[in-house]
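Examining the three-dimensional arrangement
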Amino acid sequence: MNFRPRRMEEPEINLVPFIDVLLVVLIFLMLSTTFSRFTELKINLPSANAQLPITRPHEIVVMVAADGRYAINHKAVDGRSVELLAAELTAAAAGDKQSVVVISADAASAHQSVVNVMDAARRAGLLQLTFATQTNGSASDDDGS
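1. Considering the environment of V64
Looking at where V64 falls in the secondary structure, it is placed in strand 1 (residues 59-64). C-alpha of V64 to C-alpha of A105: the two residues are 41 residues apart in sequence and 4.5 Å apart in space. Each residue touching V64, except ones within four places of it in the same chain, is listed here: R69, Y70, S104, A105, D106, S109, S113 and V117.

2. Some points on the pairing of strand 1
Residues of strand 1 alternate between two faces, with I60, V62 and V64 buried on one and E59, V61 and M63 left unburied on the opposite face. Judged from the 6 bridges that link them, strand 1 and strand 4 (residues 100-105) form a sheet pairing that is parallel. Along strand 4, the bridge assignment pairs E59 with V100. The pairing of strand 1 with strand 2 (residues 70-72) spans 3 bridges and is classified as antiparallel. Considered in strand 2, the bridge of V62 is made with I72. The loop that links strand 1 with its antiparallel partner strand 2 comprises 5 residues; one of these, G68, has a positive phi angle of about 95°.

3. Re the pattern of salt bridges
By the definition in use, this model includes 4 salt bridges. Between E83 and R123 there is a salt bridge, and its shortest N-O distance comes to 3.1 Å. Residue E83 is located in helix 2 (residues 82-93), and its partner R123 is located in helix 3 (residues 111-123); the two are separated by 40 residues in the primary sequence. Of the charged contacts, one joins D119 and R122 as a salt bridge, the two residues approaching to 2.6 Å between their closest N and O atoms. Placement of both D119 and R122 in helix 3 is noted, with a separation of 3 residues, approximately one turn of the helix.

4. Observations regarding the nonpolar core
L89 and L126 are the most contacted members of the largest nonpolar core, which has 20 residues in total. Contact partners of L89, with chain neighbours within four places excluded, come to I60, V62, I72, V117, A120, A121, A124 and L126.

5. Points about the packing of helix 2 against helix 3
With their axes 8 Å apart at the nearest point, helix 2 and helix 3 run at an angle of 55° to one another. Our classification of the angle between helix 2 and helix 3 gives oblique. Note on packing geometry: the crossing formed by helix 2 with helix 3 is right-handed. Within the contact between the two elements, helix 2 uses V82, E83, L85, A86 and L89 and helix 3 uses N116, V117, D119, A120, A121 and R123. Classifying every residue of the contact of helix 2 with helix 3 by side-chain character gives 7 nonpolar, 1 polar and 3 charged.

6. As for unusual backbone geometry
Backbone geometry follows two general trends: most residues other than glycine have a negative phi, and most peptide bonds adopt the trans configuration. The backbone phi angle of N73 is positive, close to 50°, even though this residue is not glycine. With respect to the helices and strands, N73 occurs in the loop between strand 2 and strand 3 (75-76). For N73, a relative accessible area of 36% puts it in the partly exposed group. Unlike most non-glycine residues, H74 shows phi in positive territory, near 65°. Relative to the helices and strands, H74 is located in the loop between strand 2 and strand 3.

Criteria and thresholds
Residues numbered from 1 in each chain as written. Predicted model: local features only at pLDDT ≥ 70, side-chain atom pairs only at ≥ 80, totals over all residues. Heavy atoms only, no water. Helix = DSSP H or I, 4+ residues; strand = E, 2+ residues; numbered from the N terminus. Contact = heavy atoms within 4.5 Å. Buried < 20%, exposed > 50% of the residue type's maximum accessible area, 1.4 Å probe, protein only. Pairing = 2+ DSSP bridges. Salt bridge = Lys/Arg side-chain N within 4 Å of Asp/Glu carboxyl O. Core = buried A, V, L, I, M, F, W, Y, C linked by side-chain atoms within 4.5 Å. Axes fitted to C-alpha atoms, helices over the stretch in contact; angles between N-to-C directions. Parallel < 35°, antiparallel > 145°, perpendicular 65-115°, else oblique. Left-handed = near helix turned anticlockwise from the far one by under 90°. Nonpolar A, V, L, I, M, F, W, Y, C, P; charged D, E, K, R; others polar.

Given below as structure tokens:
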């Protein structure tokens, strides 16, 4: 047995293998990472101009107030449910599935109110929609379907 006193050695971290391992992990993470892309909606926003409104054979005008109340062809709708709107739109269309629904929403109305009108029109079988816009105090219609 060797009972001689040993010198105290300071433990060292060998940095070369440590750096090699970190580089391999970094390369692995870079290759395995998937970059998520946001789905973009390509939409054409309606533009208002000074042209005369297009006359359509049968229009159903749905007005949406800022507080969420609805009116169909200037007749107030009692309630705000989609089912009630769909029933009123079906009655206003009188069986004509080619009717055009013109959505005239207040600028301060909630987005959900406009979506409710669109959903009710779909449920009623009315697939042609357009949005009313206003320029310089005069109302005009722009296609948004």
